[in-house]
Amino acid sequence: MQNCLECGEKIIGRSDKKFCNDGCRNAFNNKNNKDSSNLMRNINNKLRKNHRILSEQKFVDGKAKTTRSKLTTEGIDFEFFTSLKIYKNGAEYRFVYDIGYKFLEEDWILLVRKE
Ligand SMILES: [Zn+2]
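What comes next concerns the included structure. Because the structure is predicted, anything quoted here is derived from the model rather than measured. (Residues numbered from 1 in each chain as written. Predicted model: local features only at pLDDT ≥ 70, side-chain atom pairs only at ≥ 80, totals over all residues. Heavy atoms only, no water.)

1. Details of the overall build of the chain
Note the cut-off: In DSSP terms, a helix is any run of H or I states spanning at least four residues, a strand is any run of E spanning at least two, and both are numbered starting from the N terminus. Every radius of gyration here is taken over C-alpha atoms, with the globule rule written as 2.2 Å times N^0.38, N being the number of residues. Here a residue-residue contact requires only that any non-hydrogen atoms of the pair lie within 4.5 Å. Where accessible areas are quoted, they stem from the Shrake-Rupley method and a 1.4 Å probe; at the residue level, only the protein chains shown are allowed to cover. All tallies of charge rest on Lys and Arg as positive and Asp and Glu as negative; His and the ends of each chain are not included. The atoms used to mark charge sites are NZ of Lys, CZ of Arg, CG of Asp and CD of Glu.
A count of helical and extended segments in the chain gives two helices and seven strands. Whereas a compact globule of 115 residues would reach a radius of gyration of roughly 13 Å, the chain reaches 23 Å, over 25% beyond that. Each of the three principal axes of the chain carries a C-alpha extent, and together these read 70 × 30 × 30 Å. Counted over contacts in the chain with a minimum sequence separation of 6, partners at least 24 positions apart contribute 37%. For the chain, the exposed surface amounts to about 8300 Å²; the carbon and sulfur share of it is 49%. Distance between charge centres in the chain, computed from 23 positive and 16 negative side chains, equals 3 Å.

This is how it looks when you write it as structure tokens:
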């Protein structure tokens, strides 16, 4: 005997059924989709905000130098980036879409913008 994943009622009938009816199955699936779309929306918002902050730095020839504390004050969240690129010389850049950054000594950060 199995219990419905949505309402917890005992399911009568085939043993491979997970829900007592279509209503319970739909309710369960909708809730799960909503949770994952909330999570994705929050992460997308953070990425968008990070990208906006990075793109507002003063770039000259596709490069900019700033500090970790300035970006933090402006609201960046360093946990969220879209890709990690490690070059042959060991330099590690985190990219937020087209803008990458590398932590330098002390508080400095080097930004590079892909053409
Ligand atoms: Zn049910």
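2. Digging into the pairing of strand 5 (residues 92-96)
Test applied: Note on pairing: DSSP must find at least two bridges between two strands before they are called paired.
Bridge analysis of strand 4 (residues 83-86) against strand 5 gives four bridges, and the strand direction is antiparallel. What sits directly across from Leu-84, in strand 5, is Arg-94. Between strand 4 and the antiparallel strand that follows it, strand 5, lie five residues; Gly-90 among them carries a positive phi value of about 95°. With three bridges connecting them, strand 5 and strand 6 (residues 99-103) associate as antiparallel partners. Among the inter-strand pairings, Phe-95 is bridged to a residue of strand 6, identified as Gly-100. From the end of strand 5 to the start of strand 6, which pair antiparallel, there are two residues, and Tyr-97 there has a positive phi angle of about 60°.

3. Observations regarding the pattern of salt bridges
Rules: The working definition used for a salt bridge is a side-chain nitrogen of Lys or Arg within 4 Å of a carboxyl oxygen of Asp or Glu. Exposure classes here rest on a 1.4 Å probe applied to the protein chains alone. A residue is buried below 20% of its type maximum, exposed above 50%, and partly exposed in between.
Applying the stated rule across the entire model yields six salt bridges. The closest approach of N and O atoms between Asp-77 and Lys-46, which form a salt bridge, is 3.7 Å. With Asp-77 in the loop between helix 2 (68-73) and strand 4 and Lys-46 in helix 1 (residues 22-55), this pair connects stretches of sequence that are 31 residues apart. The class of Asp-77 is partly exposed, set by a relative accessible area of 24%. The exposure class assigned to Lys-46 is partly exposed, which follows from its relative accessible area of 36%. Salt-bridge contacts for Arg-113 lead to Asp-98; the nearest nitrogen and oxygen are separated by 3.6 Å. Placement of the pair is Arg-113 in strand 7 (residues 108-113) and Asp-98 in the loop between strand 5 and strand 6, with a sequence separation of 15 residues. For Asp-98, a relative accessible area of 24% puts it in the partly exposed group.

4. What to know about the environment of Arg-94
Rules: The term polar contact refers here to a pair of N or O atoms within 3.5 Å; inside protein, the definition further demands a hydrogen-donor-capable atom paired with an acceptor-capable atom, and it admits residues adjacent in sequence only when both atoms are side-chain atoms.
You can see Arg-94 is positioned in strand 5. Distance in space between the C-alpha atoms of Arg-94 and Asn-26 is 40 Å, their sequence separation being 68 residues. When residues no more than four places from it in sequence are discounted, the contact partners of Arg-94 are Phe-78, Phe-81, Ser-83, Leu-84, Ile-99, Gly-100, Tyr-101 and Phe-103. Polar contacts involving the side chain of Arg-94 include one to the main-chain carbonyl oxygen of Phe-78, which spans 3.1 Å.

5. Considerations on the environment of Ser-83
Examined against the element boundaries, Ser-83 turns out to sit in strand 4. The spacing of Ser-83 and Lys-63 is 20 residues in sequence and 18 Å in space, taken between C-alpha atoms. Every residue in contact with Ser-83, bar those within four places of it in the chain, is listed here: Tyr-93, Arg-94 and Phe-95.

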